[in-house]
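Here's the letter readout for the chains.
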Amino acid sequence: MKPALVAEGLRHVYHSTQGELLALDRVGLRVGQGEFVAVVGPSGCGKSTLLRILGGLLVPSGGQVQLDGNPLSSPRRQVGYVFQALNLMPWRTVLRNVTLPLEVARAPRLQADEWARDLLVLVGLEGFEETYPRELSGGMGQRVAIARALIGDPQVLLLDEPFGSLDALSREQMNLELLRIWQARRVTAVMVTHDLREAIFV
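The sections below set out a description of the structure shown in this document.

**Digging into the nonpolar core**
Most often, soluble globular proteins keep nonpolar side chains buried together rather than apart.
For step 1, the next point in the chain: Counting residues in hydrophobic clusters, the biggest one holds 36 residues, and the most contacted among them are Phe36, Leu120, Ile146 and Leu159.
For step 2, the next point in the chain: Elements with a contribution of two residues or more to this core: helix H2 (94–104), helix H3 (109–122), helix H4 (138–150), strand E7 (156–160), helix H5 (168–185) and strand E8 (188–193).
For step 3, the next point in the chain: Here this core gets 7 residues from one element, more than from any other, and that element is H4.
For step 4, the next point in the chain: Residues in contact with Phe36, not counting those within four places in the same chain, are Leu159, Leu178, Leu179, Trp182, Ala189, Met191 and Val202.
For step 5, the next point in the chain: Counting residues in hydrophobic clusters, the runner-up holds 21 residues, among them Leu29, Val31, Val79 and Val190.

What follows is the structure, given as structure tokens:
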């Protein structure tokens, strides 16, 4: 299987007034195209740091990341990111939250709306286009965040404990939904989690 995402010798050190904190050291990872990989570990072990580096949001202290054979050191449209926090804009409707990345890229509005509506059908939110984030449940909000991450048709989807704030039943349901969405799009996916059962399931 041809690798879509490759990390070699990743090292990252955080600097603070208390000194240095080694978050990653000699980390390597190869993710094949269309593969779904779960990275599991306890809180504070460097999972989110790894994901930020894979997404080009953080420059490592050492090592390198390659996306489809090319060096990756800054955010790219080919990489979608779902954060722990929803980061939805409360003054924008569901539709406008999903279309935001395309608006920033100056894509035609009619095309952006069409793609967003298709994605809202995919994530099970058809009919909620004009709803505001405050009117959504936690699970519905995460579906919006996933749709927003997919709107640019990324090669790679990175998920940073996306369901960590949900209750156990909602989390289980969202894991099923995530797999359904992944099977429909077959995007390469990397998810970090501290839940071993969740990692095994996906």
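**With respect to the sheet that holds E7**
For step 1, the next point in the chain: Strand order in the open sheet formed by 4 strands is E3-E8-E7-E6, and the pairing between neighbours is parallel. Since the sheet does not close on itself, it has two edges, and those belong to strand E3 (36–40) and strand E6 (79–82), each with one partner. The average angle at which neighbouring strand axes cross in this sheet is 15°, direction not considered.
For step 2, the next point in the chain: When E6 meets E7, the two strands line up parallel, connected through 4 bridges. If you follow Val79 over to E7, its bridge partner there is Val156.

**Describing the environment of Ser137**
For step 1, the next point in the chain: When you line up the elements, Ser137 lands in the loop between H3 and H4.
For step 2, the next point in the chain: Since its relative accessible area comes to 39%, Ser137 is described here as partly exposed.
For step 3, the next point in the chain: Through-space distance from the C-alpha of Ser137 to that of Gly56 is 30 Å; in sequence the pair is 81 residues apart.

**Comments concerning the pattern of salt bridges**
For step 1, the next point in the chain: Here the structure, examined in full by the defined rule, presents 10 salt bridges.
For step 2, the next point in the chain: The partner of Glu198 in a salt bridge is Arg171, and the shortest N-O contact between them spans 3.0 Å. One end of the pair, Glu198, is in helix H6 (residues 196–201); the other, Arg171, is in helix H5, with 27 residues separating them in the sequence. Each member of the pair, Glu198 as well as Arg171, is classed as buried.
For step 3, the next point in the chain: In this structure, Arg180 and Glu177 form a salt bridge, with 2.7 Å as the shortest nitrogen-oxygen distance. Pair noted here: Arg180 and Glu177 are both in helix H5, with a separation of 3 residues, about one helical turn.
For step 4, the next point in the chain: Of the residues examined, Arg180 reaches a relative accessible area of 33% and is grouped as partly exposed.
For step 5, the next point in the chain: Salt bridges linked by common partners bring Arg11, Asp25 and Arg26 together as one network.

**Observations concerning the sheet that holds strand E4 (residues 62–67)**
For step 1, the next point in the chain: Strand order in the open sheet made by the 4 strands is E2-E1-E4-E5, with antiparallel pairing throughout. Bordering the open sheet on either side are strand E2 (19–32) and strand E5 (70–71), each of which pairs with just one other strand.
For step 2, the next point in the chain: In this structure, strand E1 (residues 3–16) lies alongside E2, joined through 10 bridges in antiparallel fashion. Bridged to Val6 within E2 is Arg30.
For step 3, the next point in the chain: Across the sheet, helix H1 (residues 47–54) touches E1, E2 and E4, and the angle it forms with E1 is around 120°.

Reading the values: rules and limits
- Residues numbered from 1 in each chain as written.
- Predicted model: local features only at pLDDT ≥ 70, side-chain atom pairs only at ≥ 80, totals over all residues.
- Heavy atoms only, no water.
- Core = buried A, V, L, I, M, F, W, Y, C linked by side-chain atoms within 4.5 Å.
- Buried < 20%, exposed > 50% of the residue type's maximum accessible area, 1.4 Å probe, protein only.
- Helix = DSSP H or I, 4+ residues; strand = E, 2+ residues; numbered from the N terminus.
- Contact = heavy atoms within 4.5 Å.
- Pairing = 2+ DSSP bridges.
- Axes fitted to C-alpha atoms, helices over the stretch in contact; angles between N-to-C directions.
- Salt bridge = Lys/Arg side-chain N within 4 Å of Asp/Glu carboxyl O.

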